[in-house]
Every structure is written in structure tokens, then in C-alpha cells.
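# Descriptive structure summary
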Amino acid sequence: MQSIVGFWPFFVGITAVLGAATYLSFLRYMFRPRKQTARELLREAESAVAFLFDGHVLVDSSPLAKRLMPARDRGQTDWEAFIRLFSAQFPQLRVALASLSSDGRKRIVSPNDPTLSLDAEWWDGYSRITFDNGSETGERSATDRLIAASLEQEVSSLRAISEDAPMLIWKEDATRQVVWANNSYLNMVDSLIVAQSDIGPTWPPRNIFSRFDIPVDDQGYNAKRVRLDPIEGEAETWFEISSVRRGREIVRFAVDITAVVRAEATQRAFVDTLSKTFAQLSIGLAIFGRDRRLLSFNPALLDLTGLPVEFLSARPQIRSVLDRMREARVLPEPKNYLSWREELAALESAAESGSYCEVWSLPNGSTYRVTGRPHPNGAIALLFEDVSADVSLTRRFRTEIELAHAALDGMRDAAVVISSTGSVVISNKAYHDLWGIAKDRGMSPVYLADEAAEWQHSCVPTPVWAMIRDFIGGHGGRDSWEEPLSLLDGRQMICRAIPLPNGYSLISFLKAPEIAQPLALFMHSRNHPVAAQ
């Protein structure tokens, strides 16, 4: 019992503290600052024309304002509709309201009618705008004036747009009679009347497109291209006419597309020219689009690949085309199918960058040069050229050159061929052995001056070197001659200069003891040809 009595004061104290805290919370709740709601902001303006905006959204308005607010156009915000309604009486309204959040309160007076004004207030993120007509009994007349001014401004704007539009706009009734037309249409009619007759402008204006059948579909719309007959001395004119049904009348819009039609005609002519050019080419052409389907090909491709025209006309993929070419044995035979697929991927990738160019040696003995080139919009073009004749000719020339080298190397005489510009064209093994010059001197050209320096370095001074320079340059004539030479080691040589076709010269060096008698016979045979024994 004593424990309970001792606990009681503690319990009472705790209860008192909690009660005081609850009471203070209640007082804070009752007297806390509250943010005004949209209806609270308009409560004072129920009988006025008042609008409440949160940003560009109309969150509330008075009954009079609801009746006054126009319907929004497609994509238009509430704020833009409000500006359009009042801009006739308040031309600078948009600019004036732009700083409302910083100003807090603003009164805007109409420059057209000083009795009309707008009171704008900023309330914690809300814009409250009240229309003041300057009279407590003339609300309806003021709002009527406002609506009338707004409608008049909109009508004037639409009329100006239609009248000043560069396109031809007119309206026809059910009998195709023109009941309204803009300035562009009337000017066109006037120019045709002046050009074709002496009759002045009349009303209703003539329907210059009446002979064209331009029906309107079930959806009330149609577009059609028409051509006006050219006036004498002038070019023909093309128009694209769009027609829209409005009740029992039809509104038509005609745009001059003469430049477009001419450009299309030029493009078609250009494409026809290219097509005819491609058709006459001996190089096979295949153009593949972004999806790597065949877009275009020429007849030469059929001849070179042997693929059927039905297959190519079906726009096959590039992989399918190359597979069929492999089956027709007009592709290099790969070692295995896996490497073949890798080569296909490399071909396509290289063609996109414009770096693919290879020579294909086919199993049938033909040789094709295949080139890949990028085209606009991700397309690629493959060109197939039969270079079998060129390759065969090149191989034959290479064989003849190798044969000439072998023939020269088989001679005991040291021989070198020099061009008219003084560059060394060819020399044999005996020449390099005689003068100690390396046969492989890289790709850099070798000239007579370099060779003559080696000759002079190994021989006793002699005027032969000047004679050689004159002979090669054509200054001292082009007749064959022979002159003796003495090497520093005591060997006696004979230098012989013989002219060759196209300005080339053969310079040879022979050992004197071995060529004395044959040389005399050689010179005699040149002056007195005899039949071979």
C-alpha cells in the first residue's frame, strides 16, 4: 500500500506534462499559417471576371470568366488562350505579365479604352488576374466589347494571312462557281484575262481550273497535280491543288510546283542517261542498298557472272549473289567454306570504306578485277571488270623482259642500255662484273653520270666518255662507232656505241684481243650485208 501511495505523485506529474504538451500541439495546429487554396483566392472575386493560373494552367475561374474564356486551339495552353482573348484590348499583355512573379502586383490599363484594366496579383505561385470594366452595372457590355475586339482581331489576322498568302486560295460552291478568292488567285486570273482577251476583271472571277476534274474523297480531302496551258511565249505552269470540303463548299489551295516538276524531269533524264551509259559499259555493275539487297545492275554483270536475270531481278542479298557466283565458278575457289565466309565479310566491310580492290583468278582461266565503292545512304557498289587480256599481255611482256635479261646475261660482252634522258634501262651480268657495280641497286633510277664516274675511275683518261655523252644526247650524230680503252690494270678494251629505236643506246665493252677479227667482220657485214651461209 505504501508503494502505491509513493508512486501516485510521480504518475500525476507525468500526466500533467503530457497534457501540457498535447495542449501546445493543439494550439500550434489551430494557429498555424495555411497556404491559400485556389477557391480561397477567388472567393472575393465571385462576381467579377477573375482567372487563377498555376503557371500556364488555368486552375480556377469565376462564372463570368468561364463564359468569357475561349476554347483552346489544338496544342494551345490555357495561358495562350487567355493572352489571345485580351491581346486585342491589351497589346503588351504578355510582356507586362512576364515580371509578375517579381513585382507581386500590377495594374494594366488598355491603351484603346482607359476604362478597361487588368489587376494581376502573385499569390505564392498562383497568378490571379481580374478584369475591371470600370463600371459596376456594365459588365455585359464590357465583356461583349472584349469578345468583339478579340474576334475582330482574329478575323483580321486570318483575312490578312489568306490575302497575303503566296499560294492561290479560292472557294467554290456546288456548281464550281468561285465565291471567294485571295489576291494571288485574282492576280492570276487578271494576268490570264489580259493575255487572252480584252475583257477587264469581273466578278465572280473565272474558275481557271474548272476543266480539271478534282473530286473530294469521303474524308473531304484530295490533292492533284494539274498543268495550265502555256501562254504564247511563256513556259507551262504546274500546280498542285489541295481540296478541302467545308459544308456544301470546297476550299482549294494551289501551289506553283513548276520548279519541282522541272527538277523531277531533269532527274529522270539524268537517271535515263546513267542507265543507258551503264547498259553500254563492259564493266559489270551491282549496287546494293543499306540492307545489302541488290538495287540495280547492268547487262554486263549478266555476261560476266552468268547469273540469270530472274534471280537478280528478285533483289537478292549480297551473300546470295556471291554464293551463286561461287556455284557458277566465277569466284576464286577458297580452301574451305569457313574461309569463304570470312572473305565475304571482309569484302563487304572493305567495300563500305571504299578500300576493296582485288584481282580474282577464276578456275576457268579468266581474271576479274573487282572494286568496291561506297554510295550515299549506306549503299555499296561492286564493279566487275574482265582483265584477262590485260593480265595475259602483262604476263607476255614480263616473259619477254625476262627473256631479254637472260639473253643479255648470256653474252660475254659487258652491255648496258641507256635512254635518251641518260637513265640506265638494263645491263647484263658481264657489265657488273667488269666495273664492279652491284646488280641490285634498289628502285632508285641510275643515270649515265653515275656510271661514267665508275668507268673513268677504272680507266686511263680518254675522250671516249665525252663521245658517249654526245652520242646518247644526240649531239654528235647517231652512227655506230668503236673506240679503244685502256684499263688501269693494263687490259685493253673496245667501247662500242650502237643506236637503238626510240632514242635508246647500247653501250658495250669488249676485250680487244678477242674481238679484233670478229669486229672487222661485224663492221663489214653492216656495210655489205650478205646472205647467211
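Residues numbered from 1 in each chain as written. Predicted model: local features only at pLDDT ≥ 70, side-chain atom pairs only at ≥ 80, totals over all residues. Heavy atoms only, no water.

Residue placement: Arg 292 occurs in the loop between strand 11 (284-288) and strand 12 (294-297). With residues up to four places along the chain from it excluded, the contact list for Arg 292 reads Pro 316, Gln 317, Ile 318, Glu 348, Glu 352, Gly 378, Ala 379 and Ile 380. (Helix = DSSP H or I, 4+ residues; strand = E, 2+ residues; numbered from the N terminus. Contact = heavy atoms within 4.5 Å.)

Across soluble globular proteins, nonpolar side chains show a tendency to be buried alongside one another. Counting residues in each nonpolar core, the largest one holds 27 residues, and the members touching the most others are Trp 455, Ile 468, Ile 507 and Phe 509. When contributions to this core are tallied by element, the ones reaching two or more residues are strand 16 (414-418), helix 15 (429-435), helix 16 (448-458), helix 17 (464-473), strand 18 (481-486), strand 19 (492-499) and strand 20 (505-511). Top element by residues in this core is helix 17. It accounts for five residues. Core analysis: the next-biggest nonpolar cluster, separate from the first, contains 25 residues, Leu 294, Leu 347, Ile 380 and Leu 382 among them. (Core = buried A, V, L, I, M, F, W, Y, C linked by side-chain atoms within 4.5 Å. Buried < 20%, exposed > 50% of the residue type's maximum accessible area, 1.4 Å probe, protein only.)

For strand 6 (residues 168-172) and strand 10 (residues 249-256), the ladder comprises five bridges, and the chain directions are antiparallel. When the sheet's bridge partners are listed, Lys 171 is paired in strand 10 with Val 251. The antiparallel hairpin formed by strand 9 (residues 237-246) and strand 10 contains two residues in its connecting segment, where Gly 247 sits at a positive phi of about 70 degrees. (Pairing = 2+ DSSP bridges.)

In this section: the state of the cysteines. Following the criterion strictly, the structure yields zero disulfides and no others. Here Cys 495 stays free of any disulfide, with the sulfur of Cys 459 as its closest cysteine sulfur at 9.1 Å. (Disulfide = S-S within 2.5 Å.)

Attention shifts here to the sheet that holds strand 6. Reading across from one edge, 7-6-10-9-8 is the order of the five strands in this open sheet, with antiparallel pairing throughout. Strands with a single pairing partner mark the edges of an open sheet, and in this sheet they are strand 7 (178-181) and strand 8 (221-228). Each strand of the sheet is rotated relative to its neighbour by a mean of 25 degrees, with strand direction disregarded. (Axes fitted to C-alpha atoms, helices over the stretch in contact; angles between N-to-C directions.)

Let us look at the confidence of the model for the protein. Parts of the model with low pLDDT should not have their predicted coordinates read in detail. Taken as a whole, the protein shows an average pLDDT of 78; of its residues, 76% reach a score of 70 or greater. Scored below 50 in pLDDT, residues 1-5 shows zero contacts in the model against residues more than four places distant or in partner chains. Low pLDDT, under 50, characterises residues 21-35; the stretch is placed with three contacts to residues that sit more than four places away or in other chains. (pLDDT = per-residue confidence, 0-100.)

A few words on helix 4 (residues 78-86). Every α-helix carries 3.6 residues per turn, so stepping three or four residues along brings you back to the same face. For helix 4, a buried count of seven out of nine residues is recorded, marking the element as mostly surrounded by other parts of the structure. Inspection of helix 4 places Asp 78, Trp 79, Ala 81, Phe 82, Ile 83, Leu 85 and Phe 86 among the buried residues, and these make up the whole buried set.

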